[in-house]
Amino acid sequence: MREVQTIDHPTATIVTGAAGWLGTSLVTALAGDGRHGRNGSVRGLVRSEENANHLPKTIELIRGDVTNRASLDRLFDGLGDGPIDLIHAAGVIHPTASMNEFDAVNHVGTRNVMDAAHRHGVRRVVHVSSNSPFGSNGARNDRFRNDEPYHPYLGYGRSKKDAEIAVLNAVGKGLNAVMVRPPWFYGPHQPARQTTFFTMVKNGKFPILGDGGQVRSMTYVDNLIEGIVRAELVATEPGRGWWIADAEPYTVNEIVETVGDALRSEGFHVKPNKFRLPNVVGTVAEKIDTLTQRAGKYITQFHVLGEMNKNIAVDISAARNELGYDPQVALVDGMRNSIRWCLEQGIEL
Amino acid sequence: MTVHHDCDVLIVGSGAGGATTAAVLAEAGHHVLIVEEGPWVEQGSVVPFSLDQMDQQYRSGGVTVALGMPSIAYTEGRCAGGGTEVNSGLYWRPPEATLDSWRIKYRIKDFSTDDVLSICEEVESTLSVQKVPGEHTPASDILRRGADRLGWKNDEIPRWMTYRDGAGATEGHRQSMTRTYLPRALAAGARILCEHRLNKIVRSGRRAVSAELTDMTAATDGQNAVTISFRDVIVCGGAIQTPAILQRTGLRHRVGRTLAVHPTVKLAARFDDVVNTPDDVSVFQVKEFAPNISFGGSASHPGLVALALTDNWRDFGSAVTSWPELAIYYAAITSEGRGLVQVVPGVRDPLVTYRLTKRDRDLLGQGLGRLAMVMLEAGAKEVYPSFKGAPVVRDRADLAAMTTMFAVARASVMTVHLCSTAPMGDDDKRCATDSHGLVRGTDNVFVNDAALLPEAPGVNPQASVMAIAIRNARRYCADRAG
């Protein structure tokens, strides 16, 4: 692993979206006594109606919302003079009420968080971005380099692109902020829609488009936490952003087979996957997704299906070189951990 | 009145394929006659990369179009020396992996990669292939600087030029075919008839026996007919004309079915300083995404700058007055698509069509976005992408708008590298000629130009064309004594 220069833990770490699926894993790691555990306090921003009972009791919960600027000042109450870091993990991937959530939460919310961090003299901000501002690769053997032109994919992609630009604007005003860009991540604390994915594979009903040779980078959540913490604590120039993903991308076939193997090794009976659809199904789903989004509506199934025949594969060498990031978990172990977590929670697959 | 000529070998076309073939055959004692549709234009008498040059040395004044969605504009040299007189002069050996895959996939006999590369070495020495000894043009520096800042692989591509010691990029002398292989052929006794257009090759069964041509320099219509008798004919008219000639001769098996090109999209970029060198192009190419995508510099003569801005003239047109601060760059892709060349009875130019696949379209968009980013990193103040409705790009946020709006159907897609319309190899399901260019179904009709390359090589193809032509010409001499 590459030697990199790190800075000390802050006296306080603020995590937005703390009760969300990434946030939960992140604050659990930061407040725990594992390798990412830290002495300073960990504060989580949680929406007023949001259930936070699953979070460790040592987390200080602050009720507020990134869309409400005033509520963000409360995050900093009584923190004293020590260094404060902020990890911005709040975001909407699949909106429930309206398409406006994308812009309100992902874009304007990020701007609000950056402003608040700047106002309160935060030492280092890590913004959790996505692959979506960059679209997809034109060819299967293409890999996104660390620096790529924005080519946002639909509403989510546009909002996450605008969020990145808001972060860069804040950096221009003097904020020390950096970005991590995880593609599709997986692991414990995953939301219900990813549990559905396991069930589909178990029943041999996961829709593979075309030959299933589409290439996808994925990120096991512990790898992502490793990347976030390194982005926070490794001294780099502000404004940088890095792909954070498992070491190598996988093909869709590999993903489905590996999840099948992981389920089998956890004792499940897995039916052979014979659910193949022509590529055109993905194209049609994408068209429907585009049209419904334009009409201000969002249908998760069409969005997910429309993205299934795309290649989204990234090159993580910049994170390796600049942050010393070295992902330890790959698909089969990551998926086994996710399945075990589901079983521990009593979730039926 | 009809003028008649006799020869051992008639070579149709005098470009990278025809000139080398003529030199090898004439030096082996064959009685060679070259016919060339275009004029002999001395190097230096026309400004390189100018509209004047397009008028004199290209077919149809510079631009021809392959129909499709979108249509793809292409250019063909039409002069003694063919494309070598007018191209960028950049020299790339065919990649070893490409040669290996061609040999296997198309079953090309006696085609060892080492043999081809050793011919490349000879060519490099004959053409004085070298890097620029002195200063680069600003357009070259821009590409290098932008790519370096992104950490993207870029290289200076050597050229076949001679320079005095320490000379800068624009001071080289092109070692095109009219300076090298054509004089060699003529010195060994070959003759050349310029401005003679081939109309027809007359065939008797498996043998071609004579050719009918028009002398375009003749004063009146009645005095311009020319016939030529020969033992063998070698067609080297380039990837569009060669299949057209073969089809008119009744030879159609796998002819003109598999046109391969490197489609390109362009942009113009404006900088704070004077960056335009009208008579030269960048010698740097960005190969970070090769073989899928490559970036390089295009000819940026003021007329061509204006042409590059026409896709969105309403918003871009005013930039033309600052042409000295503008340079044009391209993103080229290796394409999965293929095209057709088909002769149409009664029409002189063949109908050319080309179909881009979805991957090709996606890569062209991705390439244009990445190229624009190289420009911004190099310090461009404005980037003008060549597609209808394109926005002016000044920063990364504009780039997002540009990539979102881009659609290949609205882009000015063009190409200069045309090949693969009479592929060679022993696999007769795929190939129009045998492994050395003899057209299937004939005893004495050969092809020896870019049409033989089974696929587009992913790099500037002139070296591949020349090396393969020399290889085949030597085989011809070994088979038939002069």
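Keep in mind that this is a model prediction, so the values were computed, not measured.

Peer 1: Describe the overall build of chain A, listing the residues and the values that go with them.
Peer 2: Each helix and strand counted, chain A has eleven helices and 13 strands in total. Taking 2.2 N^0.38 as the reference for a compact globule, 349 residues should give roughly 20 Å; the C-alpha atoms of chain A span a radius of gyration of 20 Å, in line with that estimate. Seen along its three principal axes, the alpha-carbon backbone of chain A occupies a region of about 60 × 45 × 45 Å. Counting over 349 residues, chain A shows a buried share of 51%. The long-range share in chain A, meaning contacts at least 24 apart out of those at least 6 apart in sequence, stands at 81%.

Peer 1: Explain the overall build of chain B to me, using residue names and the numbers behind them.
Peer 2: Secondary structure summary: chain B contains twelve helices and 25 strands in total. Relative to the globule expectation of 23 Å for 482 residues, the C-alpha radius of gyration of chain B, 22 Å, shows essentially globular dimensions. Oriented by its inertia axes, the alpha-carbon framework of chain B measures out at about 65 × 50 × 50 Å. Across the 482 residues of chain B, 56% fall into the buried class. Considering only residue pairs separated by 6 or more positions, chain B has 73% of its internal contacts joining residues 24 or more positions apart.

Peer 1: How would you summarise helix 3 (residues 100–119) of chain A if you had to cite specific residues and measurements?
Peer 2: Residues and elements named next belong to chain A. Helix length check: helix 3 (20 residues) gives 27 Å between terminal C-alpha atoms against 28 Å at 1.5 Å per residue, within 8%. Considering bend angle alone, the principal kink of helix 3 is centred on Gly109 and spans about 35 degrees. Residues Glu101, Phe102, Val105, Asn106, His107, Gly109, Thr110, Asn112, Val113, Met114, Ala116 and Ala117 constitute the buried set of helix 3. Here the buried face of helix 3 lies against strand 1 (12–16), helix 2 (69–73), strand 4 (84–88), strand 5 (124–128), helix 4 (154–172) and strand 6 (177–181). Phi for Gly121, located one or two positions after helix 3, is positive at around 65 degrees.

Peer 1: Which residues make up unusual backbone geometry, and what values do they have?
Peer 2: Glycine aside, residues mostly have negative phi, and peptide bonds are mostly found in the trans state. Of note, the amide linkage connecting Ala290 of chain B to Pro291 of chain B takes the cis form, showing an omega dihedral of 0 degrees. Note on placement: Pro291 of chain B falls in the loop between strand 17 (284–286) and strand 18 (293–297). Here the phi dihedral of Leu154 of chain A falls at roughly 55 degrees; this positive angle occurs in a residue that is not glycine. Within the element layout of this structure, Leu154 of chain A appears in helix 4. On the basis of neighbour count, Leu154 of chain A is assigned to the buried category, with 20 C-beta atoms found within 10 Å. A positive phi angle, close to 70 degrees, is found at His189 of chain A, a residue other than glycine.

Peer 1: Go over the domain arrangement of chain B, please, and point to the residues and values.
Peer 2: How big an interface is tends to be stated in terms of accessible area lost as the parts join. Residue and element names in this part refer to chain B. Entries for chain B in the domain assignment read domain 1 (2–40 + 79–127 + 175–253 + 421–479) and domain 2 (134–173 + 263–415). Residue-level contacts link 15 residues of domain 1 with 16 residues of domain 2. For the side of domain 1 that touches domain 2, a count of residues per class yields eight nonpolar, six polar and one charged.

Peer 1: Describe the packing of helix 1 (residues 16–27) of chain B against helix 12 (residues 462–479) of chain B, listing the residues and the values that go with them.
Peer 2: Residue and element names in this part refer to chain B. Direction vectors running N to C along helix 1 and helix 12 enclose 30 degrees, while the axes themselves pass 8 Å from each other. Comparing their axes, helix 12 and helix 1 come out roughly parallel. Note on packing geometry: the crossing formed by helix 1 with helix 12 is right-handed. Residue-level contacts link Ala16, Gly17, Thr20, Thr21, Val24 and Leu25 of helix 1 to Gln462, Val465, Met466, Ala469, Ile470, Ala473, Arg474, Tyr476 and Cys477 of helix 12. Broken down by class, the residue content of the contact of helix 1 with helix 12 amounts to ten nonpolar, four polar and one charged.

Peer 1: Give me the interface of chain B and chain A: which residues, what numbers.
Peer 2: Listed by partner, the interface residues are 17 residues for chain B and eleven residues for chain A. If one sorts the elements of the side of chain B that touches chain A by residue count, helix 10 (residues 358–377) of chain B sits on top with eight residues. Here the residues of the side of chain B that touches chain A are counted per class, giving eight nonpolar, five polar and four charged.

Peer 1: Describe the sheet that holds strand 8 (residues 159–162) of chain B, listing the residues and the values that go with them.
Peer 2: Residue and element names in this part refer to chain B. The three strands are arranged 6-8-9 in an open sheet whose pairing can be described as antiparallel. Edge positions in the sheet fall to strand 6 (129–130) and strand 9 (173–174), since each of these pairs with one other strand and no more. Bridging between strand 6 and strand 8 involves two bridges; their strand directions are antiparallel. In the strand pairing of strand 8, Gln130 is matched with Arg159.

Peer 1: Mind laying out helix 4 (residues 113–126) of chain B, listing which residues take part and the relevant values?
Peer 2: Residue and element names in this part refer to chain B. Its 14 residues give helix 4 an end-to-end C-alpha distance of 20 Å, which sits within 8% of 20 Å, the value for a rise of 1.5 Å per residue. All buried positions along helix 4 are accounted for by Val116, Cys120 and Val123. An end-on view of helix 4 places all buried positions within 60 degrees of arc, on one side of the element. Turned more than 90 degrees away from the buried face of helix 4, the exposed residues are Asp114, Ser118, Glu121, Glu122 and Ser125. Summarising the contacts, the buried residues of helix 4 are in contact with helix 3 (96–105) and helix 12. Looking one or two places after helix 4, you find Ser128, whose phi comes out positive at around 55 degrees.

Peer 1: Got a sec to walk through the sheet that holds strand 1 of chain A? Specific residues and values, please.
Peer 2: Residues and elements named next belong to chain A. Strand order in this open sheet of seven strands is 3-2-1-4-5-6-11, and the pairing throughout is parallel. Single-partner strands in this sheet number two, and they are strand 3 (60–63) and strand 11 (241–243). The mean angle between the axes of side-by-side strands here comes to 20 degrees, regardless of whether they run parallel or antiparallel. Inspection of the sheet shows strand 6 paired to strand 11 by three bridges, in the parallel sense. Within strand 11, the position partnered with Arg181 by the bridge is Trp243. Across the face of the sheet, helix 6 (residues 221–233) comes into contact with strand 4, strand 5, strand 6 and strand 11 while running at roughly 150 degrees to strand 5.

Peer 1: Tell me about the environment of Gln5 of chain A, residues and numbers included.
Peer 2: With respect to the secondary-structure elements, Gln5 of chain A resides in the segment before strand 1. Apart from residues no more than four positions distant in its own chain, Gln5 of chain A is found in contact with Val234 and Ala235 of chain A.

Peer 1: Mind laying out the pairing of strand 1 of chain A, listing which residues take part and the relevant values?
Peer 2: Residues and elements named next belong to chain A. Burial runs high along strand 1: five of the five residues are buried. Side chains Ala12, Ile14 and Thr16 project from strand 1 onto one buried face, and the interleaved Thr13 and Val15 project onto a second face that is buried too. Relative to strand 4, strand 1 runs parallel, the two sharing five bridges. Paired with Ala12 across the two strands is Ile84, which belongs to strand 4. Relative to strand 2 (residues 41–46), strand 1 runs parallel, the two sharing four bridges. Each bridged residue has a counterpart across the sheet, and for Ile14 the counterpart in strand 2 is Arg43. Viewed along the sheet, the connection from strand 1 through helix 1 (residues 21–31) into strand 2 turns out right-handed.

Peer 1: Now, about the nonpolar core: what can you tell me, with residues and values included?
Peer 2: Counting residues in each nonpolar core, the largest one holds 245 residues, and the members touching the most others are Leu10, Val32, Ala372 and Met375 of chain B. Both domains that furnish three or more residues to this core are identified here as domain 1 (2–40 + 79–127 + 175–253 + 421–479) and domain 2 (134–173 + 263–415) of chain B. Beyond its immediate stretch of four places on either side in the chain, Ala372 of chain B contacts Pro149 of chain A together with Leu267, Val383, Pro385, Val393, Leu399 and Met402 of chain B. Ala285, Phe302, Leu305 and Met308 of chain A belong to the second-largest nonpolar core, a separate cluster that totals five residues.

Parameters at a glance
- Residues numbered from 1 in each chain as written.
- Chains lettered and ligands numbered in written order.
- Predicted model: local features only at pLDDT ≥ 70, side-chain atom pairs only at ≥ 80, totals over all residues.
- Helix = DSSP H or I, 4+ residues; strand = E, 2+ residues; numbered from the N terminus.
- Rg over C-alpha atoms; globule rule 2.2 N^0.38 Å.
- Buried ≥ 20, exposed ≤ 12 C-beta atoms within 10 Å, placed from the backbone.
- Contact = placed C-beta atoms within 7 Å.
- Expected span 1.5 Å × (residues − 1).
- Bend = angle between axes of the 7 residues up to and from the residue.
- Domains from an automatic or database assignment.
- Nonpolar A, V, L, I, M, F, W, Y, C, P; charged D, E, K, R; others polar.
- Axes fitted to C-alpha atoms, helices over the stretch in contact; angles between N-to-C directions.
- Parallel < 35°, antiparallel > 145°, perpendicular 65-115°, else oblique.
- Left-handed = near helix turned anticlockwise from the far one by under 90°.
- Pairing = 2+ DSSP bridges.
- Arc of directions from axis to C-beta.
- Right-handed = clockwise from strand over helix to strand, strands pointing away.
- Core = buried A, V, L, I, M, F, W, Y, C linked by C-beta atoms within 7 Å.

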